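Fold and geometry: a report
Next come the chains, spelled out residue by residue.
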Amino acid sequence: MIITQLFYDCGTFLKFVKDCRNIGINCPILPGIMPIQSYGGFMRMTGFCKTKVPQEILNTLEPIKDNPEAVKKYGIHLATQMCKTLIEAGTPGLHMYSLNQDKAVLGILGGLGLISIEEPAKNPTPAIEEKKEEEKAKA
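It should be emphasised that the depicted structure is a prediction, and the values quoted were computed from it without experimental measurement. (Residues numbered from 1 in each chain as written. Predicted model: local features only at pLDDT ≥ 70, side-chain atom pairs only at ≥ 80, totals over all residues. Heavy atoms only, no water.)

What about the pattern of salt bridges?
Two side chains that carry opposite charge are able to pair once their charged atoms sit near each other. A complete count under the given rule lists three salt bridges for this structure. Note that aspartate 9 and lysine 52 form a salt bridge whose closest N and O atoms lie 3.6 Å from each other. Of this pair, aspartate 9 sits in the loop between strand E1 (2-6) and helix H1 (10-22) while lysine 52 is found in the loop between helix H2 (39-48) and helix H3 (55-61), placing the two residues 43 residues apart along the sequence. We classify lysine 52 as exposed; its relative accessible area is 59%. The partner of lysine 15 in a salt bridge is aspartate 19, with the nearest N and O atoms 2.7 Å apart. Here the residue lysine 15 and the residue aspartate 19 both occupy positions in helix H1, the gap between them amounting to four residues, near one helical turn. (Salt bridge = Lys/Arg side-chain N within 4 Å of Asp/Glu carboxyl O. Helix = DSSP H or I, 4+ residues; strand = E, 2+ residues; numbered from the N terminus. Buried < 20%, exposed > 50% of the residue type's maximum accessible area, 1.4 Å probe, protein only.)

Now the structure itself:
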């Protein structure tokens, strides 16, 4: 199995897969998807990894770069659209680089219709709830 570095151009990934197949590499190839979480973090990571970023993405980010919530929403939207493109092209799976930001990944999976996002009414583990209540009573 091959898991790629992060990328933001699905065409580049699909060409890589085709090139691999043409030279006899037939193992599953999973795309590395990293949702954009913040403008600064995105710019640092793509610079560090020397990731080619389509100009359209940079143009979309520029006017919202100082609005963290808008950047996160765009990041989820972009990654969801990328995943749809890759799944439709026959990609056998997806690898999410979450960087401990699970809400973005959950948003993407929800956008793909792979999960439903519902907040539990309370902790499903009664023992944990009981311990919390005991600690409150002691305080």
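Don't stop here, the text continues.
Some words on the packing of aromatic side chains
Summed over the entire model, instances satisfying the criterion amount to two aromatic pairs. Between phenylalanine 7 and phenylalanine 13, the aromatic rings sit 5.2 Å apart at their centres with planes inclined by 5 degrees, giving stacked as the arrangement. Each ring, one from tyrosine 8 and one from phenylalanine 42, has its centre 5.2 Å from the other, and the planes form 80 degrees; the classification is edge-to-face. With tyrosine 8 in the loop between E1 and H1 and phenylalanine 42 in helix H2, the pair connects residues that are 34 residues apart, well separated along the chain. Phenylalanine 42 shares its class with tyrosine 8; the two are buried. (Phe/Tyr/Trp six-rings, centres within 6.5 Å; stacked < 30°, edge-to-face > 60°.)

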